[in-house]
Amino acid sequence: MTVLLLGTVILSSCIGAVKISVPELLAILGNQVGITSLTGFKAQQTAVLLNIRLPRVVLGVLIGAGLGISGAAVQGLFRNPLAEPGLIGISSGASLFAVLMIVLEVGVFRSLSGRIGSYALSLAAFAGACITTSIVYRLSVRNGRTVTTTLLLSGIAINALTGALTGLLTYMATDEQLRTITFWNLGSLGGASWATVTGLLPFILIPVAGLPMMAKSLNALGLGDAEALHMGVDVRKLKRMIILMATMAVGASVAVAGLIGFIGLIVPHILRMTFTADNRLVIPGSAILGAVLLTLADLLARTIVVPAELPIGILTALIGTPVFLYIIITERNKNKL
Amino acid sequence: MIEVNELTYIIGRRELLHRLSFEAKSGELLAILGANGAGKSTLMKLLCREILPSHGHIIFRGKQIQHYKLSELARQRAVLSQQNTISVSFKVNELVMMGRYPHFEQVPAVRDIEVVHLAMEETGISHLSLRDYNTLSGGEQQRVQLARVLAQVYDCPDACLFLDEPTNGLDLLYQQQMMELARRLADRGYCVICILHDINFASRFADKILMLKEGKKVAMGSPVEVISCENIHETFSINVKLMACEGYSCPLVIPAMIQNRL
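Computed from a prediction, not measured in an experiment: that's the story for all the values here.

1. As for the overall build of chain A
Now for step 1: A count of helices and strands for chain A gives 15 helices and two strands.
Now for step 2: Its C-alpha radius of gyration of 21 Å places chain A within 12% of the 20 Å reference for a compact globule of 337 residues.
Now for step 3: When its C-alpha atoms are laid out on the principal axes, chain A stretches across 65 × 50 × 35 Å.
Now for step 4: Counting across all 337 residues of chain A, residues that qualify as buried make up 48%.

2. Focus on the overall build of chain B
Now for step 1: Looking only at helices and strands, chain B features nine helices and 12 strands.
Now for step 2: Compactness check: chain B gives a C-alpha radius of gyration of 19 Å against a globular reference of 18 Å for 262 residues, within 12% of the reference.
Now for step 3: Referenced to the eigenvectors of the C-alpha coordinate spread, the extents of chain B come out at roughly 65 × 40 × 35 Å.
Now for step 4: Sorting the 262 residues of chain B into buried and exposed places 42% on the buried side.
Now for step 5: Summarising the internal contacts of chain B: among those between residues at least 6 apart in sequence, 64% fall at separations of at least 24.

3. Some details on the interface of chain A and chain B
Now for step 1: Listed as interface residues are 17 residues of chain A and, on the opposing side, 19 residues of chain B.
Now for step 2: Of all the elements, helix H11 (residues 225-230) of chain A adds the most residues to the side of chain A that touches chain B, at four residues.

4. What to know about the sheet that holds strand S2 (residues 14-24) of chain B
Residue and element names in this part refer to chain B.
Now for step 1: Spatially, four strands are ordered S2-S1-S4-S5 in an open sheet, and the strand pairing comes out antiparallel. On the outer flanks of this sheet lie S2 and strand S5 (63-64), each paired with one strand and no other.
Now for step 2: Direction of pairing for strand S1 (residues 2-11) relative to S2: antiparallel, over a ladder of seven bridges. Opposite Val4, over in S2, you have Phe22 as the bridge partner.
Now for step 3: Here helix H1 (residues 40-47) sits on the sheet in contact with S1, S2 and strand S4 (55-60), set at roughly 120° to S1.

5. Regarding H1(B)
Now for step 1: Along H1(B), six of the eight residues are buried, which leaves the element largely enclosed by surrounding structure.
Now for step 2: For H1(B), every residue scored as buried is listed here: Lys40(B), Thr42(B), Leu43(B), Met44(B), Leu46(B) and Leu47(B).

6. Quick look at unusual backbone geometry
Now for step 1: For Glu6(B), which is not glycine, the phi dihedral falls at a positive 50°.
Now for step 2: Within the secondary structure, Glu6(B) sits in strand S1.

7. Some words on the sheet that holds strand S10 (residues 216-221) of chain B
Residue and element names in this part refer to chain B.
Now for step 1: Taking strand neighbours across the sheet as the criterion, the six strands line up as S6-S7-S8-S3-S9-S10 in an open arrangement whose pairing is mixed. The sheet is open, and its two borders are formed by strand S6 (77-80) and S10, each paired with just one other strand. Strand-to-strand twist across the sheet, computed as the mean angle between neighbouring axes with direction ignored, equals 15°.
Now for step 2: The sheet contact formed by strand S3 (residues 29-34) and strand S9 (residues 208-213) spans five bridges and is parallel. By the bridge assignment, Gly34 is partnered in S9 with Leu212.

8. Some remarks on the packing of helix H3 (residues 43-78) of chain A against helix H13 (residues 263-274) of chain A
All names here are of chain A.
Now for step 1: At a minimum axis separation of 7 Å, H3 and H13 run at an interaxial angle of 70°. Put simply, H3 runs roughly perpendicular to H13. For the pair H3 and H13, contact is made by Gly64, Leu67, Gly68, Ser70, Gly71, Ala72 and Gln75 and by Ile263, Gly264, Leu265, Val267 and Pro268, respectively.
Now for step 2: Residues of the contact of H3 with H13, tallied by class, amount to six nonpolar, six polar and no charged.

9. Considering the nonpolar core
Now for step 1: Counting 176 residues, the largest nonpolar core has Ala73(A), Leu161(B), Val192(B) and Cys194(B) as its most contacted members.
Now for step 2: Here this core gets 16 residues from one element, more than from any other, and that element is H3(A).
Now for step 3: Apart from residues lying up to four places away in sequence, Leu161(B) is in contact with Ala78(B), Val149(B), Val153(B), Leu185(B), Tyr190(B) and Val192(B).

10. Observations regarding the confidence of the model for chain A
Now for step 1: When pLDDT is averaged along chain A, the result is 81; 90% of the residues meet or exceed 70.
Now for step 2: Of all helices and strands in chain A, the one with the weakest mean pLDDT is helix H5 (residues 107-111) of chain A (53), whereas helix H10 (residues 215-221) of chain A scores best (91).

11. Comments concerning the confidence of the model for chain B
Now for step 1: Looking at chain B as a whole, its pLDDT mean stands at 90, while 98% of the residues score no less than 70.
Now for step 2: Interface confidence for the predicted complex, expressed as ipTM, amounts to 0.86; the pTM equals 0.83.

12. With respect to the packing of helix H9 (residues 194-210) of chain A against helix H12 (residues 235-257) of chain A
Residue and element names in this part refer to chain A.
Now for step 1: Put simply, H9 and H12 touch, their axes get as near as 9 Å, and they point 155° apart. Compared by their axis directions, H9 and H12 come out roughly antiparallel. Taken as a pair, H9 and H12 cross one another with a handedness that is left-handed. On H12, the residues that touch Thr196, Leu200, Phe203, Ile204, Ile206, Pro207 and Gly210 of H9 are Met245, Met248, Ala249, Ala252 and Val256.

13. Structural notes on the environment of Leu300(A)
All names here are of chain A.
Now for step 1: Along the chain, Leu300 turns up in helix H14 (residues 279-303).
Now for step 2: Owing to 18 C-beta atoms within 10 Å, Leu300 belongs among the partly exposed residues under this scheme.
Now for step 3: The spatial distance from the C-alpha of Leu300 to the C-alpha of Gly16 is 9.6 Å, given a sequence separation of 284 residues.

14. Comments concerning the environment of Val48(A)
Residues and elements named next belong to chain A.
Now for step 1: With respect to the helices, strands and loops of the structure, Val48 is situated in helix H3.
Now for step 2: As a C-alpha pair, Val48 and Ser140 span 92 residues in sequence and 48 Å in three-dimensional space.
Now for step 3: Beyond its immediate sequence surroundings of up to four residues, Val48 is in contact with Val18 and Arg53.

Each value, and the rule that gives it
- Residues numbered from 1 in each chain as written.
- Chains lettered and ligands numbered in written order.
- Predicted model: local features only at pLDDT ≥ 70, side-chain atom pairs only at ≥ 80, totals over all residues.
- Helix = DSSP H or I, 4+ residues; strand = E, 2+ residues; numbered from the N terminus.
- Rg over C-alpha atoms; globule rule 2.2 N^0.38 Å.
- Buried ≥ 20, exposed ≤ 12 C-beta atoms within 10 Å, placed from the backbone.
- Contact = placed C-beta atoms within 7 Å.
- Pairing = 2+ DSSP bridges.
- Axes fitted to C-alpha atoms, helices over the stretch in contact; angles between N-to-C directions.
- Parallel < 35°, antiparallel > 145°, perpendicular 65-115°, else oblique.
- Nonpolar A, V, L, I, M, F, W, Y, C, P; charged D, E, K, R; others polar.
- Core = buried A, V, L, I, M, F, W, Y, C linked by C-beta atoms within 7 Å.
- pLDDT = per-residue confidence, 0-100.
- Left-handed = near helix turned anticlockwise from the far one by under 90°.

See below:
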């Protein structure tokens, strides 16, 4: 699978408005690192690759990995293969705050020195994700125990509330703001630069490194809270860590790239259906497969209607919905038997 | 092995267990009997450290149970719960391997794989090894869970095993096999504590019986000591007859005629 990811990265780096062949790619990279001094590529290609394409591909890999892995972890947490990080309010909180920023055009944030100002939207979205998730989490803790059903129900309630508030803001928005809101909601990796990549990196690396270590405990949790406890799993701590890491990865991703649906839902499913339900494979595998799928989707998004580009959220939903329906139908048929 | 002292559990204003004291030793099979709502499950949860007592102590191997680390406890006691439905589809061998989770970090050792095989053989499910757990019958699922529980404490022959109504939902043959296995494990040195509903099963297989009513101890002792019409009436509010049976030291319990029948 790692090979698959590497292949995708190379493919995505090469294809685009300015074409770069594989030897050229290697030559450019070699020159940058200082190993080789080959020529045979144009300066324009170097500029495109290093400043535009590569950060975008890396961003796709990071966000895909983050969305995939948190999807797998959250499904394990809820013991429900249809769960998604969005269910516990992560995405809706992020989008409410982002829309709030766009509509109110908060002057305070603009005047905050230029550098932070340009990150304002992302920061607001991330803060929103943290706020809603912590509200949902607090609501669902009773006597120190996290009640999963309550967690899900409070998630639905918060999602409804933030949805309504977002709607209200959209209603108040001007035409130009509406356009921004719509594009943000559809998701895009278009804003990629090395600055966004480095900003996002820790938020993705920590969950990608941390969640696989909890795979064993998540398997045990699949048998039930009490059973996991009997097997020596600190269930309370486990749930808290998973929610924290999922918020980290998804909140930061939404902040950078807007709402990108379905990756977190379908990726763990594909792995479960083709290999095993063992989280020790599903969790790290979801990071890799998520990265592959999102990078490919982004490749399609920016090449399919050249010179314009399609919002990536549209593509993931277009591919994701049939898969989702397929899951529902097979689940239904299985239950009938 | 496990010692319970003046154990009381209060939730809200309801007292579910009242100053309960008893002891269970290694190599002993203790059966807990009682009507619905008598506090059997609460007692089991306390013994497994799922919940902590309001008053009193549970001393497990000479140390108060709450002073154990969860992972430490997991290597010395295992629990077979009543409800065993799972929503994710695991294969049987994957599920039994989960019993070994407290023993390894990321990759199972050779011994872990060995123990999984032994536990599956012991419970007679080796042939199901590659099946999806959710496609098994209730009896098979119960035995898979038992294999998992057994694998968890396989290397610790004086560990504690808690079985919550292990014969529930099983047909007569499986019930018998389940209790025979529990008996064998006790003979091997495990301390087996088991909630049962069938009084005759309890007297046939257990070394000691604890009878509970409304969170209080009605009687505790060997089957011959505690199986009496009075104790059973006190515990279950039913009238029974005792019938001596050839080859059994303890009399069989059968329901008496319904009292107010005309």
